[in-house]
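Coordinate analysis (summary)
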Amino acid sequence: MLSPHEFATLMLVRHSPDQIDMNREELDTLFERQLVALEQWKEGHRKLALTTAGRSLLEAVGRLDFGAGLPDSFGGDRLAVG
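Let me sum up the structure you'll find in this document. Only a predicted model underlies this, so the values are computations on that prediction, with no experimental measurement involved. (Residues numbered from 1 in each chain as written. Predicted model: local features only at pLDDT ≥ 70, side-chain atom pairs only at ≥ 80, totals over all residues. Heavy atoms only, no water.)

Look at helix H1 (residues 4-15) against helix H3 (residues 52-63): their axes get within 11 Å of each other, and the N-to-C directions meet at 110 degrees. Accordingly, the angle class assigned to the pair H1 and H3 is roughly perpendicular. In this structure, H1 crosses over H3, and the sense of that crossing is left-handed. On H3, the residues that touch Phe7, Leu10, Met11 and Arg14 of H1 are Gly54, Leu57, Leu58 and Val61. Here the contact of H1 with H3 is composed, by residue class, of six nonpolar, one polar and one charged. (Axes fitted to C-alpha atoms, helices over the stretch in contact; angles between N-to-C directions. Helix = DSSP H or I, 4+ residues; strand = E, 2+ residues; numbered from the N terminus. Parallel < 35°, antiparallel > 145°, perpendicular 65-115°, else oblique. Left-handed = near helix turned anticlockwise from the far one by under 90°. Contact = heavy atoms within 4.5 Å. Nonpolar A, V, L, I, M, F, W, Y, C, P; charged D, E, K, R; others polar.)

A regular strand places its side chains so that they alternate between the two faces of the sheet. Bridge analysis of strand E1 (residues 36-42) against strand E2 (residues 45-50) gives six bridges, and the strand direction is antiparallel. Counted as the bridge partner of glutamine 40 is arginine 46 from E2. Between E1 and E2, which pair antiparallel one after the other, the connecting turn spans two residues, and glycine 44 there sits at a positive phi close to 80 degrees. (Pairing = 2+ DSSP bridges.)

Encoded structure:
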């Protein structure tokens, strides 16, 4: 399970990869889980990018219907929507 900070970092990689501090602790977990990778960008420069698994994870999270609660596999409790 990813922490909220790791999810936020994953979203930053998706939308603003050039703005991320490469010393963020959350990146270690994202690299270990192969959700992000370094890609060759320009000669001598690399940038962060989502892997296929990282994109799939963000797409799946985006499809969750938080108004209806999470599936039973996530504990079955309804989330309060304010």
